[in-house]
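Examination of the molecular architecture
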Amino acid sequence: MDPFDAGAGGILRQPKAVWATAGASVVAFMGIGLVDPILPSIAKGLDATASQVSLLFTSYFLITAIAMLVTGFVSSRIGGKKTLLLGLALVVVFAGLAGTSGSVGELVGFRAGWGLGNALFVSTALAVIVGAAAGGSAAAILLYESALGLGMACGPLLGALLGDASWRYPFFGTAFLMAVGFLCITAFLKEQPKPARRTSLLDPLKALGHGGLASAAVSSFFYNYTFFTVLAFTPFVLDMTPYKSGAVFFAWGVLLAVFSVFAAPRLQKRFGSLKVLGGSLVLLAIDVLVLGYGNHTAAIVCTILSGAFIGVNNTVYTELALGVSDAPRPVASAGYNFVRWFAAAAAPFFAPKIEEWTDVHIPFVVAAVTAVLGALVVVVRRKALTHDAEELEPKHAVEDSVAVFAN
């Protein structure tokens, strides 16, 4: 059945509960890149350095990484709807408080609370959408993937539009939109059945005992350092107005979504997962080197182009993480994300520090090296990563990509 079919069960004929959850998911994913265009404005408004402001990403993703061990534990006990509402409530509170911050320390702390709420919501939303959807999971998964891509692309755009007036407005805007999502889910979503088996806090860590999953997680750790150097440090290098910076990262997000959903499966089918991943990581390394050493125009072009490589990498890493071991997908995903999100927390902290210790080029050299290290892990551990990974059907790429990002 065509998921775009307007008939019963198609993407356009879903219950209000599904649309409410998907809409809130768009805003949740927007929160990741929301602060990108306004990082220089925040630094100026709070009289902070680039390294201090970059802690907005560090605190957010550090809490997100730790929360990977908690979200399954919580949702398997209180149910999907309550977990969604708890996550939304935390985002509303902490995003609103972030807009009132009088210092960068307060803002970083509130951003950490926001990260916990976002982790609880995003990790549960896919399961809720699939459970509430009409006509099977295909249309629901496509709808969720669309929400993911739209949120990643539009987050910087919203940050630019609201942040042009004041860096505080994007935080207030997010709090308002998530409050609307809270009300919609309260009104339209019925409680979902609880899982038959409760997830323990240690299940994701036990899953990492599998050599293939651990290899995928370590390689992705290095890759994510590169990814979030681009996302969190590049705005300071570009040094553009919020509008222009937002446009750059909107284009970046569009490429990320398109290459993740459409290009990666086709490349995998033709060349194989490991060759595609290794090649894409090397190309990303070259891209960030040019970004760091090129002129301003080259930096803009390479920032946008990195979205294509990042989109391909996200999809292939997801398939490896979910197909390489026998652990249940949510458990394998949680263990994998527990490792990789630590790099998302590390890069925004270290990149500005490295610039302070050396010069503006070296953070991108380090990012290029970590991308190559990720490729080397793939090469050295290819036998462990090949188990079941190459046999994964490319048609499952979107479903798996959503599952691993959500968890």
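Residues numbered from 1 in each chain as written. Predicted model: local features only at pLDDT ≥ 70, side-chain atom pairs only at ≥ 80, totals over all residues. Heavy atoms only, no water.

This brings us to the overall build of the protein chain. From N to C terminus, the protein chain includes 17 helices and 0 strands. Residues classed as buried in the protein chain amount to 59% of the 407 residues present. In the protein chain, of all internal contacts separated by at least 6 residues, the share reaching a separation of at least 24 is 86%. On the protein chain, roughly 15400 Å² of surface is accessible, and the fraction owed to carbon and sulfur atoms is 69%. (Helix = DSSP H or I, 4+ residues; strand = E, 2+ residues; numbered from the N terminus. Buried < 20%, exposed > 50% of the residue type's maximum accessible area, 1.4 Å probe, protein only. Contact = heavy atoms within 4.5 Å. Areas by Shrake-Rupley, 256 points an atom, 1.4 Å probe, with all protein chains shown as cover.)

By secondary structure assignment, the location of Ala207 is in helix H9 (residues 203–207). Look at Ala207 and you get buried, because its relative accessible area is 10%. In contact with Ala207, not counting residues within four places along its chain, are Leu213, Ala327 and Val331.

Its 20 residues place the ends of helix H8 (residues 169–188) 29 Å apart at the C-alpha level, agreeing with the 28 Å of an ideal helix rising 1.5 Å per residue. Buried residues of H8: Pro170, Phe171, Gly173, Thr174, Ala175, Met178, Gly181 and Ile185, and no others. (Expected span 1.5 Å × (residues − 1).)

Turning our attention to the packing of helix H10 (residues 211–238) against helix H11 (residues 242–271). Where H10 meets H11, the axes come as close as 12 Å, and the angle between the chain directions of the two elements is 160 degrees. For the element pair H10 / H11, the angle class is roughly antiparallel. Considering the relative orientation of H10 and H11, their crossing is right-handed. For the pair H10 and H11, the contacting residues are Phe227, Val230, Leu231, Thr234, Pro235 and Leu238 in the first and Val248, Phe249, Trp252 and Leu256 in the second. Looking at the contact of H10 with H11 residue by residue, the classes come out as 9 nonpolar, 1 polar and no charged. (Axes fitted to C-alpha atoms, helices over the stretch in contact; angles between N-to-C directions. Parallel < 35°, antiparallel > 145°, perpendicular 65-115°, else oblique. Left-handed = near helix turned anticlockwise from the far one by under 90°. Nonpolar A, V, L, I, M, F, W, Y, C, P; charged D, E, K, R; others polar.)

Our focus in this paragraph is the packing of aromatic side chains. Under the defined criterion, the tally for this structure stands at 17 aromatic pairs. Here the aromatic rings of Phe57 and Phe61 are separated by 6.4 Å at their centres, their planes lie at 5 degrees, and the arrangement is stacked. Note that Phe57 and Phe61 are positioned in helix H4 (residues 55–78) at a spacing of 4 residues, about one turn of the helix. Ring geometry for Trp167 versus Phe171: centroids 6.1 Å apart, planes at 80 degrees, classification edge-to-face. Accessibility expressed as a relative area gives 0% for Phe171, which makes it buried. Directly above the ring of Phe73 sits Arg77, whose terminal nitrogen or CZ lies 3.7 Å from the centroid. One Lys or Arg, Arg111, reaches over the ring of Phe57 and ends 5.9 Å from the middle of that ring. (Phe/Tyr/Trp six-rings, centres within 6.5 Å; stacked < 30°, edge-to-face > 60°. Lys NZ or Arg CZ within 6 Å of the ring centre and 35° of its normal.)

It is worth spelling out the confidence of the model for the protein chain at this point. Mean pLDDT over the protein chain: 83, with 87% of residues reaching 70 or higher. When the elements of the protein chain are averaged for pLDDT, helix H17 (residues 397–406) gives the smallest value, 48, and helix H15 (residues 362–380) the largest, 97. Across residues 388–399, confidence stays below pLDDT 50; counting only partners more than four residues off in sequence or on other chains, it has 23 contacts. Counting contacts from residues 401–407, a segment whose pLDDT is below 50, to residues more than four positions away or on other chains yields 33 contacts. (pLDDT = per-residue confidence, 0-100.)

At Phe259, H11 shows its maximal kink, close to 45 degrees. Where H11 ends, the next residue or the one after it, Gly272, has phi of about 95 degrees, a positive value. (Bend = angle between axes of the 7 residues up to and from the residue.)

So, on to the packing of helix H1 (residues 16–33) against H8. Contact geometry of H1 with H8 gives a least axis separation of 9 Å together with a crossing angle of 160 degrees. The angle between H1 and H8 falls in the class roughly antiparallel. Relative to H8, H1 is oriented so that their crossing is left-handed. On H8, the residues touching Lys16, Ala17, Ala20, Thr21, Ala24, Val27 and Ala28 of H1 are Thr174, Leu177, Met178, Gly181, Cys184, Ile185 and Phe188. The residue makeup of the contact of H1 with H8, split by class, is 10 nonpolar, 3 polar and 1 charged.

Tracing the chain through its elements places Ser245 in helix H11. Under the relative-accessibility criterion, Ser245 is labelled buried at 3%. Distance in space between the C-alpha atoms of Ser245 and Gly159 is 9.6 Å, their sequence separation being 86 residues. Residues within four places of Ser245 in sequence aside, it is in contact with Asp36, Pro37 and Met240.

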